Amino acid sequence: MSKKINKNALYGNKFLNIDESELVLDGINVKNLIEKYNTPSFVFLQKKIEDNIKKINDCFSSVFPNSQGFYSTKANYLPEIISVVKNQNFGSEIVGLPELKILKKIEFSFEKVIAGGPYLPNDFLTEIIKNQVKYLVIYDLDDIIRVQEIIQKFGEYKQDILIRIQSQKYTGRLGVVLNELNLKKLKKIFDMCPNLQYRGILAHRGTQLNSIDDYMDNFQLIIENAIKIKKSIGWDTSILNIGGGFPNADSFKKKQLITILEKFKEKLIENNLDSYSIFYEPGRFIVGDTGFALASVIKYDPTHKTAFLDIGNNYIPKFMKSSLRFYNISKIFEAPNKPIDFMGNIPSDQDILVKNYNFTPSIQTGDYILIANVGAYALSWSIRFPYPNPSIILIESDQIKEIHSRNSPNDFSIH
Ligand SMILES: Cc1ncc(COP(=O)(O)O)c(C=O)c1O
């Protein structure tokens, strides 16, 4: 497999190119990958993950020297993907025990980990405490006492706590509203919990945030709540965690992000908030455009202008909220000007991947298709329809590694 990098990036992704009439991913001919691994398969690009981490890190550290990033592993919790993040010295954010176990297995430093969420069963809390996971985010004030009770079993240890603030979006339900009553309750609970230390607040607004207003509303919420906590109970907030929600790395220019962060900084200065650390938890930004699915057209129905693929919502679920891009690997030079529908392989009329997508007019059964932007939330939200798993391949800087074989009887997350 030749490794030649071409400068013509397709749709801004510099790792997806056409080279000598062939589609290539980080210099690897996609047809050769299909020959070796067949379809359906997922391919992830290590260098793109590294690039994305560097990009977001550069933006944040240029505006906030005191900032720290945590990859939201629920976006893609394959151990090999998290290992790439680890090697970049980036932090990680987890919501459940399986992720914590993966971090432990790959020796991720728990000093750089934020755990927490709306569902904190005792076994998860116990492992958080046993492994001294640095930060714990609480979504429900009643969970705080449970944390204290578990800590007491493990001796002297102080746990840093962040409180998730409920977003003001009309759909916002997760987290705490810091009204007078809850502020009093917060103080009272912390007085009863000598092993807990209040460190800061988290406000996460949603995913694929593209408008500057979404970011500014989130920042405003964080600032207002930090001020409220200071005024009402006299605590200093040292960590302002803005959560995730950034779009794919390639669709967000560095300049755009820096402008948003600078506006945030101005607001902080206006409000005399200057001794803080900024935390951020990107998921999609880190992995969204690093993942590709390789598929075959199992049937093309010209009457309905519909292509059925050998992968569907079982592995590319609607919940992932990605803008999928389709390329005909077999006819890469044909102009994509015929609107067709892509269906998956689940025996249900609901398994629609996209409708009226402009594609190559001569598409036929047996063509190979590449689907871009499936790096985030595809595997996480996947449903276990009784078909074999896809193969999963990681293109590292100097080798191609099969992370998961289609022939393996195991779930892709347990290997
Ligand atoms: C608290 C929190 N942080 C980070 C993320 C990651 O979001 P995204 O992948 O959109 O960056 C989520 C996603 O739901 C979240 O709830």
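First, a word on scope: everything that follows refers to the structure included in this document. (Residues numbered from 1 in each chain as written. Predicted model: local features only at pLDDT ≥ 70, side-chain atom pairs only at ≥ 80, totals over all residues.)

1. Things to note about the environment of Thr365
Mapped onto the fold, Thr365 is located in the loop between strand 18 (352-359) and strand 19 (368-372). Not counting residues up to four positions away in its chain, the partners in contact with Thr365 are Val297, Ile298, Lys299 and Tyr300. (Helix = DSSP H or I, 4+ residues; strand = E, 2+ residues; numbered from the N terminus. Contact = placed C-beta atoms within 7 Å.)

2. Here's the deal with the sheet that holds strand 7 (residues 91-94)
Taken in spatial order, the 8 strands line up as 6-7-8-9-10-11-12-13 and close into a barrel, and their pairing is parallel. On average, each strand axis in the sheet is tilted by 30 degrees relative to the strand beside it, whichever way the strands run. Across 3 bridges, the pairing between strand 7 and strand 8 (residues 113-117) is parallel. Each bridged residue has a counterpart across the sheet, and for Ser92 the counterpart in strand 8 is Val113. (Pairing = 2+ DSSP bridges. Axes fitted to C-alpha atoms, helices over the stretch in contact; angles between N-to-C directions.)

3. Remarks on the pairing of strand 19
The buried fraction of strand 19 is high, at 4 of 5 residues. In this structure, strand 14 (residues 291-301) lies alongside strand 19, joined through 5 bridges in antiparallel fashion. Paired with Ala295 across the two strands is Ile369, which belongs to strand 19. Pairing analysis gives 4 bridges linking strand 16 (residues 325-328) to strand 19, with the strands arranged antiparallel. Each bridged residue has a counterpart across the sheet, and for Arg325 the counterpart in strand 19 is Ala372. (Buried ≥ 20, exposed ≤ 12 C-beta atoms within 10 Å, placed from the backbone.)

4. Quick word on helix 3 (residues 79-87)
Here helix 3 has its buried residues at Ile81, Ile82, Val84 and Val85. The buried residues of helix 3 occupy one face: seen down the axis, they fall within an arc of 150 degrees. Just downstream of helix 3 lies Asn89, where phi reads positive at about 65 degrees. (Arc of directions from axis to C-beta.)

5. A closer look at the nonpolar core
Judged by nonpolar contacts, the single largest core of 120 residues is most densely connected at Leu25, Leu370 and Ile371. Top contributing element to this core by residue count: helix 8 (residues 212-233), with 7 residues. A domain split of this core shows at least three residues from each of domain 1 (9-45 + 288-404) and domain 2 (48-287). Leaving out residues up to four positions away in the same chain, Leu25 has contacts with Phe15, Leu16, Val30, Val43, Leu45, Phe292 and Ile395. (Core = buried A, V, L, I, M, F, W, Y, C linked by C-beta atoms within 7 Å. Domains from an automatic or database assignment.)

Remember, this is a structural readout, not a statement about activity or role.
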